[in-house]
Amino acid sequence: MAFTLRQLQFFTAAAEQGSVSGAARVLSISQSSVTEAIRALEDDLGVRLFERQARGLEITHKGSLFLRHARQILADVSTARMAFRDEAGQARGRLSLGVTSLVAGYVLSDILSRFRRAHPQVELNVIEDNGDYLQHLLIGGELDVAVLLTSSVRDRMALHVETLLVSPYRLWLPLGHPLAEQEAISLDQLAGEPLIQLMVDEIEESTAHLMQALQVRPNIAFRTRSVEAVRSLVATGAGVAILPSLVYRPWSLEGDRIGIRDVSGDLPSVQVGLAWRKGAPLATPALNFVRSAQNAITHR
């Protein structure tokens, strides 16, 4: 028997919530329904999607790979609901879009996929740059909309800002690290740990503020602009990292496992969303893009 959309929805919710109970709560259904759907999906695929643990569900490598397919299938189904419209009535025009590098790698693809399917007649021009420069282009009218870290937008008088996703900072650590066995981890416990620091967007600034809160000088082992490098370095035991959940993946490119844990204390969060210039109504292509972004991030 082929898997169903319902099973994909339950699997995706369980993966995002990290537990059967969390998925059941979000979906407003019983836990047994989630459990049965996941078991049937695993039987159909012939792979184990989750490792069952006392603290909840831990997605496997194959489960992580299948999650992307599941999300794409659900997005395609959602888009198909709007497919049978009169082609002559489809919105046309041009959209100038800005995006920061971090957002481009982890958020933009889902939004663009949804937008392109719903509005194939729109000519799209995308510019990737740092947040400050994108804000300059927005204010100058050279961009219609930007997808960026809204927590770094400075000129709120000139720009309309809509935050769609909030991602807290968490601790990344290699498999078998002593801190992974502790029930609670404090920021001060990281003082002697070699740290991998990511140097992109506002991540560098936020991490610097965190390090200043430590009672002793932090041991910065590596600085890099590559998230994949951070994953590989953490997974192989070169250090730990404090980064937003947004960019976390449980496996490095080499297939090594990466753990993630909460850290007590005043940690920042990353806010992802949209910005556009105040004082003028959005053109139809830009307005449709905003709606696509809202729907895409709601269904992540």
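Keep in mind the model is a prediction, meaning the values are calculated, not measured.

**Q** Give me the confidence of the model for the chain: which residues, what numbers.
**A** Looking at the chain as a whole, the pLDDT averages 86, with 93% of positions reaching at least 70. Element-level pLDDT for the chain is lowest in helix α8 (residues 203–212), with a mean of 76, against a maximum mean of 95 in helix α9 (residues 227–235).

**Q** Account for the pattern of salt bridges, with residues named and values stated.
**A** In total, this model carries 7 salt bridges according to the counting rule given. With its nearest N and O atoms 3.3 Å apart, the salt bridge here joins arginine 154 to aspartate 132. Of this pair, arginine 154 sits in the loop between β5 (145–149) and β6 (159–174) while aspartate 132 is found in helix α7 (residues 131–139), placing the two residues 22 residues apart along the sequence. Among the residues examined, aspartate 132 registers a relative accessible area of 44% and is labelled partly exposed. Taking the shortest distance from any N to any O, the salt bridge between aspartate 262 and arginine 170 comes out at 2.8 Å. A residue pair is termed long-range when its members are at least 10 positions apart, and aspartate 262 in the loop between β10 (258–261) and β11 (269–277) and arginine 170 in strand β6 qualify at 92 residues.

**Q** How would you summarise helix α2 (residues 20–27) if you had to cite specific residues and measurements?
**A** Those residues of α2 that sit buried are Val20, Gly22, Ala23 and Ala24. Next to the buried residues of α2 lie α1 (5–17), α3 (31–45) and β2 (56–59). Backbone geometry just after α2 places serine 28 at a positive phi near 60 degrees.

**Q** Please provide a residue-by-residue account of the side chain of serine 96, values included.
**A** Along the polypeptide, serine 96 turns up in strand β3 (residues 93–99). Serine 96 sits in the buried class, given a relative accessible area of 8%. Within the local environment of serine 96, its side chain forms a polar contact with the side chain of arginine 94, the two groups lying 3.1 Å apart.

**Q** Explain the packing of α1 against α2 to me, and be specific about the residues and the numbers.
**A** Interaxial distance between α1 and α2 falls to 8 Å at its minimum, and their mutual angle equals 120 degrees. As judged from the angle between their axes, α1 and α2 are oblique. Seen along the crossing, α1 lies across α2 with a hand that is right-handed. Each of Gln9, Phe10, Ala13, Ala14 and Gln17 in α1 lies in contact with α2, whose residues at this interface are Gly22, Ala23, Arg25, Val26 and Leu27. Across the contact of α1 with α2, the residue classes tally to 6 nonpolar, 3 polar and 1 charged.

**Q** I'd like to hear about the nonpolar core, residue by residue, with values.
**A** Grouped together as the largest cluster of nonpolar side chains are 56 residues, with contacts concentrated most on Val147, Leu171, Trp172, Ile242 and Phe289. With 6 residues, the top contributor of residues to this core is helix α10 (residues 284–298). When near neighbours in sequence (up to four residues on either side) are disregarded, valine 147 contacts Leu97, Gly98, Val99, Thr100, Val103, Leu108, Ile111, Gly273, Leu274 and Phe289. Listed in part, the 17 residues of the second largest apolar core include Phe11, Ile38, Leu41 and Phe66.

**Q** So what's going on with the packing of α2 against α3? Which residues, and what values?
**A** Look at α2 against α3: their axes get within 8 Å of each other, and the N-to-C directions meet at 115 degrees. It follows from the interaxial angle that α2 and α3 lie roughly perpendicular. Here α2 runs over α3; the crossing is right-handed. Contacts between α2 and α3 pair Val20, Ser21, Ala23 and Ala24 from the former with Gln31, Val34 and Thr35 from the latter.

The rules behind these values
- Residues numbered from 1 in each chain as written.
- Predicted model: local features only at pLDDT ≥ 70, side-chain atom pairs only at ≥ 80, totals over all residues.
- Heavy atoms only, no water.
- pLDDT = per-residue confidence, 0-100.
- Helix = DSSP H or I, 4+ residues; strand = E, 2+ residues; numbered from the N terminus.
- Salt bridge = Lys/Arg side-chain N within 4 Å of Asp/Glu carboxyl O.
- Buried < 20%, exposed > 50% of the residue type's maximum accessible area, 1.4 Å probe, protein only.
- Contact = heavy atoms within 4.5 Å.
- Polar contact = N/O pair within 3.5 Å; in protein donor to acceptor, adjacent residues only side chain to side chain.
- Axes fitted to C-alpha atoms, helices over the stretch in contact; angles between N-to-C directions.
- Parallel < 35°, antiparallel > 145°, perpendicular 65-115°, else oblique.
- Left-handed = near helix turned anticlockwise from the far one by under 90°.
- Nonpolar A, V, L, I, M, F, W, Y, C, P; charged D, E, K, R; others polar.
- Core = buried A, V, L, I, M, F, W, Y, C linked by side-chain atoms within 4.5 Å.

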